[in-house]
Amino acid sequence: MDDLHSTRAAPGMDGPLAEALDCLDHGVAVYDPAGALTLANAPFAEAVATPATLAEALAALLGAAEGDGLIQTLAQARDRQKTGLIAELPLPEQGELTLKLHARADGGATLVLAATPAPSVETRDARALFADAIDNVNFGVALIDEAQRLVFANKKFRAHGDPRDELLIAGRSMRQIHRDAIRTGLFPLPEGMAEEHLLDAMDQLIDTNARDFPVPNNHGSALLGNVYDTELGGRVLTMQDVTEDRQAEQLIVGAMSRLPVGVAIEDASGQFTHCNEAFAAPYGLSAADLIAMPPEARMAYLSPQLVSVDNDARAEDLGAAFRAAILQQRETLKPFEVRFKSGQQFLVERGRVENGGCVVVVTDITALKDAETRNLAAVTDAVQTLDIAVVLFDKDLRITFGNEKWAELFSTREPRIRVGDHVLEATRKQAAAGHFVLSEGRTVDEFIAYWRDTVLTYRKDVHVAFSDGRHVVASCHKTRLDGFLVSFIDITEQRAIEAELARQREITHQKERLSALGELLAGVAHELNNPLSIIVGYAQMLEGQIADPVLQRRVDRIAEAANRSAKIVEMFLDMAQERPFEKTPCSVNEIVASALDVAESGLSAETRVEVFLAEDLAPILGDPDSLIQVIYNILINAQQAVQPVPGPGHLRLRSRPDAEGGAALIEIADNGPGIPEALRNRVFEPLFSTKEVGEGTGMGLALCHRIITSHGGSIAITDSDLGGAQFEIRLPIAPPGA
């Protein structure tokens, strides 16, 4: 202790300053650059009996080995010109003291022995819980101070790095621990590498906060180490055994490295803290260069390379649009797409992370978009070639697509319906223009309301008639994107075929009726011929033999009735036997004129008859007498039809060629009451008549129908522009050379 007192006698160190140092609760000793003691207070002298040099003091407190380690640490600090606290170690054997070693700027050192404050119950409990938690995590954790001296290592770290529990002792430097690991064979030296070289490499890993570096070992494990800075200047070392996961991890990492997916992490300000090479590739930079760029500079660098942002290439300033899309995505996390002048297209996605930052994922979707474009083109081509008209509406009922067949239906007439139009508004314009056949009594507004309900309720098989004679069946469907698909199947030809089949069935039905009626008429005519012959014979015998004029008139009436009955029977026989007509080339106009001459006596003087005969009408092949009978019969029927009409009767005869030129047309129109559409086919049935009982036999038009069809023609009834009915007779023209 005499040395201590003599030290206190050094200039400037006696008197009040020495007394003040003795009053401290902890011991303090000061050593010069050579390690000699220059100052020590009383608490330090009590803890260390002979503190003549720094090495002796450290050996007394820690032991020779640990003392030498601290001397080396102090020497390294001097070499790096580092000052301040370089080591802090607990001294449980010295009465719960903590040793603190400080390096001074002059190369000397200060040693402080401070009492370790007793933690509160809550603090002890919290530390115990924390130590237990760290000790039981499934990876190794170790804490070292700023001088790279071990402070703490959990069980997992010890199991990996010190299976025999000989090396990881608190207070030892990591270099010494690594040196002992090499010498005991725990750290096998790579072939050709010197021990100091490996130690330097391990120090370098710690100094540079290395990540995911392999930790050498002799038990065949795959260990990964990581180093992290702490706020107090120390470091945390982690060690994880990835032996079982190594192969799977390598496969995953290899696969991930080949995926065209870029990943970056940005902080709350938008600054990248990490990104991979796939992310940096669109910039034409390395990941390190991209991380170093400020957010605004990064966006400004990328903007000139853009073609579109979020599939919109119309923006005047794509850079501003790109910046706005990023800012919006940070709020909404809604993905958006960008396309570059190079042709590449990327999907940009963001997800929030802690501290207000985001993880950014950029996926190259160029191939996907190209495939989608090709697939869409293929689907569009397939839809365009369909015989079915197809149109798509969005949820607002605006037309987004229509194939060629749909365009033929709706885009070939003014006002046209086009892609982009609101379907109801466009349809209203076409309906108002008369393009559709509306149901009787239905207004345009009612028609549009019906179509709106048809689309919104997805009705199927709705019939639509066009004014040009086309007919379609529409079916509505809901799409997955809340839109609507409407298909139109053209049934015009189908309806024509069905109409023709109905006509053929009607012809067959008529023939069957005529055949059955013919058999009946033949039997009736045979039975009537005998009594009629007797009546006619006796009537002829009585003529000229009766002087009484009254009786003579009665006999004449009997003869007339008998002759009339005979003609009816003859007509019945003609129909029953379907006798063929002798056909010769003849003029339609001459047939019409002859029939008009024959019927003229039966026409009322008040009836106005108009005749329009086409010149140079090609001849037909037929039996003139039977055809004259047909026109005569129709004229007489027309005269009878106009009699009850107020005002004068009006008949019109017209001949003309048909549009195709293969037939001659004869039209007979009147201004009578007309024939209801439901009865127009039945009037040609035998024994069917619209006249009062006793005014017609119902055979006239049936006979006309048979005569015309026997000539290969047709006879039909339509509405006349005179207000009544119009009979249209179509007869094929004679072939050349007939």
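Scroll up a little and you will see the structure.
Reading the values: the criteria
One numbering rule holds for all chains: residues counted from 1, following each sequence as written. In keeping with the model being predicted, local features are shown solely for residues with a pLDDT of at least 70 and side-chain atom pairs are shown and tallied solely at 80 or more, while totals for entire chains, interfaces and linings include all residues. Side-chain numbers here rest on the full set of heavy atoms in the structure, without hydrogens or water. Any pair of Phe, Tyr and Trp rings, taking the six-membered ring for Trp, is counted once the centres come within 6.5 Å. Such a pair is stacked with planes under 30 degrees apart, edge-to-face with planes over 60 apart, and tilted for the rest. Burial classification: accessible surface area is computed with a 1.4 Å probe over protein chains only, and a residue below 20% of its type maximum counts as buried, one above 50% as exposed, and the rest as partly exposed. Only runs of H or I of at least four residues qualify as helices and only runs of E of at least two qualify as strands under DSSP, and these elements are numbered from the N terminus. Here, a charge over a ring is recorded when the distance from Lys NZ or Arg CZ to the ring centre is within 6 Å and its angle to the ring normal is within 35 degrees. In this description, strands pair whenever DSSP reports at least two bridges between them. Here the axes come from fitting lines to C-alpha atoms, over the contacting stretch only for helices, and the angles between their N-to-C directions go from 0 to 180 degrees. The contact criterion used throughout is that any non-hydrogen atoms of two residues lie within 4.5 Å. Only four residue types enter the tally: Lys and Arg on the positive side, Asp and Glu on the negative side; His and the chain ends are excluded. By definition here, a salt bridge exists when the distance from a side-chain nitrogen of Lys or Arg to a carboxyl oxygen of Asp or Glu is within 4 Å. Any pair of nitrogen or oxygen atoms within 3.5 Å is treated as a polar contact; in protein, a donor-acceptor pairing is required on top of that, and neighbouring residues in sequence qualify only through side-chain atoms on both sides. A residue counts toward a patch only above 30% relative accessible area and without a salt bridge, and it is joined to like-charged neighbours within 9 Å or, for Val, Leu, Ile, Met, Phe, Trp and Tyr, to nonpolar neighbours within 5 Å. Accessible surface is estimated by sampling points in the Shrake-Rupley manner with a 1.4 Å probe; for residues, cover comes only from the protein chains shown. In this description, a nonpolar core means a group of buried Ala, Val, Leu, Ile, Met, Phe, Trp, Tyr and Cys residues linked to one another through side-chain atoms lying within 4.5 Å. Multiply 1.5 Å by the residue count of a helix minus one, and that product is the helix's expected span. Directions pointing from the helix axis toward each C-beta atom define the arc. Note on angle classes: values under 35 degrees are labelled roughly parallel, values over 145 roughly antiparallel, values of 65 to 115 roughly perpendicular, and the remainder oblique. We call Asp, Glu, Lys and Arg charged. Ala, Val, Leu, Ile, Met, Phe, Trp, Tyr, Cys and Pro are nonpolar, and the rest, Gly among them, are polar.

Engineer: Give a detailed account of the packing of aromatic side chains, specifying residues and quantitative values.
Structural biologist: Evaluated as defined, the whole model comprises 13 aromatic pairs. Measuring from ring centre to ring centre gives 5.5 Å for Phe340 and Phe346, while their planes differ by 85°; the resulting arrangement is edge-to-face. For Phe346, a relative accessible area of 6% gives the class buried. Geometrically, the ring pair formed by Phe436 and Phe447 is tilted, given 5.3 Å between the ring centres and 35° between the ring planes. With Phe436 in the loop between helix 17 (423-432) and helix 18 (444-456) and Phe447 in helix 18, the pair connects residues that are eleven residues apart, well separated along the chain. Pair check on accessibility: Phe436 and Phe447 agree, each one buried. A network of ring pairs unites the aromatic residues Trp406, Phe410, Phe436, Phe447, Tyr450, Trp451, Phe466 and Phe488 as a single cluster. The cationic tip of Arg470 hangs over the ring face of Phe466; the distance from NZ or CZ to the ring centre is 5.0 Å.

Engineer: How would you summarise the sheet that holds strand 11 (residues 261-266) if you had to cite specific residues and measurements?
Structural biologist: Taken in spatial order, the six strands make up an open sheet running 12-11-16-15-14-13, and their pairing is antiparallel. Here the strands that pair on one side only, and so sit at the sheet edges, are strand 12 (272-275) and strand 13 (306-309). Taken pair by pair, the neighbouring strands of this sheet meet at an average axis angle of 25°, ignoring direction. Pairing of strand 11 with strand 12, which is carried by three bridges, proceeds in the antiparallel orientation. Residue pairing for strand 12: Glu266 is matched across the bridge by Phe272.

Engineer: Can you lay out the pairing of strand 2 (residues 37-40) for me, pointing to particular residues and giving the numbers?
Structural biologist: Here strand 1 (residues 27-31) pairs with strand 2 via three bridges, running antiparallel. The partner of Tyr31 across the bridge, within strand 2, is Leu37. The turn joining strand 1 and strand 2, which pair antiparallel and follow one another in sequence, is formed by five residues; a positive phi near 95° is taken by Gly35.

Engineer: Describe the side chain of Asp180, listing the residues and the values that go with them.
Structural biologist: Inspection of the secondary structure puts Asp180 in helix 8 (residues 174-183). Residue classification places Asp180 among the buried residues on the basis of a relative accessible area of 16%. Among all residues touching Asp180, those that are not within four sequence positions of it are Leu167 and Arg172.

Engineer: Quick one: what's the story with the sheet that holds strand 3 (residues 84-91), residue by residue and with numbers?
Structural biologist: Read from one edge to the other, the open sheet built from five strands follows the order 2-1-5-4-3, with strand pairing classed as antiparallel. The strands lining the two open edges of the sheet, one partner per strand, are strand 2 and strand 3. Between one strand and the next, the sheet's axes are offset by a mean angle of 15°, whatever the strand orientation. Relative to strand 5 (residues 109-115), strand 1 runs antiparallel, the two sharing five bridges. Each residue of the ladder has a partner; that of Val30, found in strand 5, is Thr110. Sitting on the sheet, helix 4 (residues 54-62) touches strand 1, strand 3, strand 4 (97-103) and strand 5, and the angle it makes with strand 5 is about 25°.

Engineer: Which residues make up the pairing of strand 5, and what values go with them?
Structural biologist: In terms of burial, strand 5 is a largely internal element, six of the seven residues being buried. Hairpin geometry of strand 4 and strand 5 is characterised by an intervening segment of five residues between the two adjacent antiparallel strands and by a positive phi of about 95° at Gly107.

Engineer: So what's going on with the side chain of Asp670? Which residues, and what values?
Structural biologist: Position of Asp670 among the secondary structure elements: in strand 26 (residues 663-670). Within the buried set, Asp670 has no salt-bridge partner at all; the shortest N-O distance to an opposite charge, 9.8 Å, is to Arg652. Polar side-chain contacts of Asp670 include one of 2.8 Å to the backbone nitrogen of Gly672. If we skip the residues at most four places from it in the chain, Asp670 touches Ala638, Val642, His650, Leu651, Ser720, Leu722, Gly723, Gly724 and Ala725.

Engineer: Any chance you could break down the pattern of salt bridges for me, citing the residues and the numbers?
Structural biologist: Following the criterion strictly, the structure yields 27 salt bridges and no others. Between Arg416 and Glu414 there is a salt bridge, with the nearest N and O atoms lying 3.2 Å from each other. Among the residues examined, Arg416 registers a relative accessible area of 38% and is labelled partly exposed. Asp468 is the salt-bridge partner of Arg470, the closest N and O atoms lying 2.8 Å from each other. Residue classification places Arg470 among the buried residues on the basis of a relative accessible area of 17%.

Engineer: Requested: an account of the environment of Asp597, with residues and values cited.
Structural biologist: Along the chain, Asp597 falls in helix 21 (residues 588-599). Separated by 35 residues in sequence, Asp597 and Tyr632 place their C-alpha atoms 9.0 Å apart.

Engineer: Account for a nonpolar patch on the surface, with residues named and values stated.
Structural biologist: A surface patch of nonpolar side chains, about 210 Å² in accessible area, is lined by Leu143, Val151 and Phe152. If you trace the backbone, Phe152 turns up in strand 7 (residues 150-153).

Engineer: Give me the lowdown on the nonpolar core, citing residues and values where you can.
Structural biologist: Of all hydrophobic cores here, the largest spans 38 residues; its most connected members are Ile620, Ile631, Ile634, Ile666, Phe727 and Ile729. For this core, the secondary structure elements donating two or more residues are helix 21, helix 22 (624-642), strand 25 (650-657), strand 26, helix 23 (700-710), strand 27 (714-719) and strand 28 (725-732). Among the elements that make up this core, the one with the highest residue count is helix 22 (nine residues). For Ile634, the residues in contact, after removing those within four places along its chain, are Ile668, Leu701, Ile715, Phe727 and Ile729.

Engineer: I'd love a proper account of helix 9 (residues 195-207), names of residues and values included.
Structural biologist: For helix 9, which comprises 13 residues, the first-to-last C-alpha distance of 18 Å matches the rise-based estimate of 18 Å (1.5 Å per residue) to within 8%. Considered for burial, the residues of helix 9 that qualify are Leu198, Leu199, Met202, Asp203 and Ile206. Considered in projection along helix 9, the buried side chains sweep an arc of 140° and stay on one side of the axis. Against the buried residues of helix 9 lie strand 6 (140-144), helix 8, strand 9 (223-229) and strand 10 (235-241). Once helix 9 finishes, Asn209 follows within two positions and takes phi at roughly 50°, a positive value.

Engineer: Give me unusual backbone geometry: which residues, what numbers.
Structural biologist: Despite not being glycine, Asp165 shows a phi value in the positive range, around 55°. Examined against the element boundaries, Asp165 turns out to sit in the loop between helix 7 (155-161) and helix 8. In this model, Leu333 sits at a positive phi of 60°, which is unusual for a non-glycine residue. For Leu333, the position within the fold is in the loop between helix 14 (318-332) and strand 14 (336-340).

Engineer: How would you explain the packing of helix 13 (residues 295-302) against helix 14 if you had to name every residue and give the values?
Structural biologist: As a packed pair, helix 13 and helix 14 sit with axes 10 Å apart at the nearest point and diverge in direction by 130°. Here helix 14 runs oblique to helix 13, going by the angle between their axes. Packed against helix 13, whose contacting residues are Glu296, Arg298, Met299 and Leu302, the element helix 14 presents Phe322, Arg323, Ile326 and Arg330 at the interface. Residues that form the contact of helix 13 with helix 14 fall into these classes: four nonpolar, no polar and four charged.

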